[in-house]
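# A structural walkthrough
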Amino acid sequence: MPHRNNCAHERRNVIGKKLRSLRAAKGLSTQKLSEVLMELTGVYIDTSSLSRLEKGKRVVSDYELVALAQVFGISILDLYDEPVKNLCSHCRKPFPETAIISSVSGDVLCASCAAKEIINIAISHNSLTKDEAEEMIKTLTDFLDSDTP
Ligand SMILES: [Zn+2]
């Protein structure tokens, strides 16, 4: 799908909200963030561009994305406002099988992590011993691995 760049409501990046909250958490002004970026990475983004990035009104380039992740000491994926689709939010592995939305946390999980979550809930309710649970996890994981088309 081509983006309609002439539309004023079009979101031009997927890091704006996260960027704003990261900057706020560090107590940095856009001016200070601009300076730190330049100092640590040699990448210059002026304060007005940073504001537009945070509002989702400006496209972020690949090298700016790398520099921002570096400044906050996080991975590029962690700059995204929403979890990347088809990446398990627990183990971070991409998965070919259908995503499972956890009914507990609302996270997108791979089948193995979803199975583990269900079993952990059973343990926390004292209806399974740890040994029984680990046996179940192994059986389920083997089953799910063999079930992939
Ligand atoms: Zn997983």
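Residues numbered from 1 in each chain as written. Predicted model: local features only at pLDDT ≥ 70, side-chain atom pairs only at ≥ 80, totals over all residues.

Turning next to the packing of helix α2 (residues 30-41) against helix α4 (residues 62-72). Following both chains from N to C, one finds α2 and α4 inclined at 95°, their axes separated by 10 Å at the closest point. Judged by the angle between their axes, α2 and α4 are roughly perpendicular. Across the interface between the two elements, Val36, Leu37, Leu40 and Thr41 of α2 pack against Ala67, Gln70 and Val71 of α4. By residue class, the composition of the contact of α2 with α4 is five nonpolar, two polar and no charged. (Axes fitted to C-alpha atoms, helices over the stretch in contact; angles between N-to-C directions. Helix = DSSP H or I, 4+ residues; strand = E, 2+ residues; numbered from the N terminus. Parallel < 35°, antiparallel > 145°, perpendicular 65-115°, else oblique. Contact = placed C-beta atoms within 7 Å. Nonpolar A, V, L, I, M, F, W, Y, C, P; charged D, E, K, R; others polar.)

Take α2 next. Taking 1.5 Å as the rise per residue, α2 with twelve residues should run 16 Å; its terminal C-alpha atoms sit 16 Å apart, in good agreement. Just beyond α2, the residue with positive phi is glycine 42, at close to 75°. (Expected span 1.5 Å × (residues − 1).)

Looking now at the environment of serine 34. With respect to the helices and strands, serine 34 occurs in helix α2. Placed 34 residues apart in sequence, serine 34 and leucine 68 show a C-alpha to C-alpha distance of 9.9 Å. Filtering out sequence-adjacent residues up to four positions away, serine 34 remains in contact with Ile45, Asp46, Thr47 and Leu50.

To continue, consider the nonpolar core. Residues Ile15, Leu19, Leu22, Leu33, Ile45, Leu50, Leu53, Val60, Ala67, Leu68 and Leu79 constitute the largest nonpolar core, which totals eleven residues. Contributing elements (two or more residues each) for this core: α1 (16-25), α3 (47-54) and α4. When sequence neighbours within four positions are dropped, the list of residues in contact with isoleucine 15 reads Val60, Leu79, Tyr80 and Asp81. (Core = buried A, V, L, I, M, F, W, Y, C linked by C-beta atoms within 7 Å. Buried ≥ 20, exposed ≤ 12 C-beta atoms within 10 Å, placed from the backbone.)

Note that all results are geometric; they support no functional claim without further evidence.
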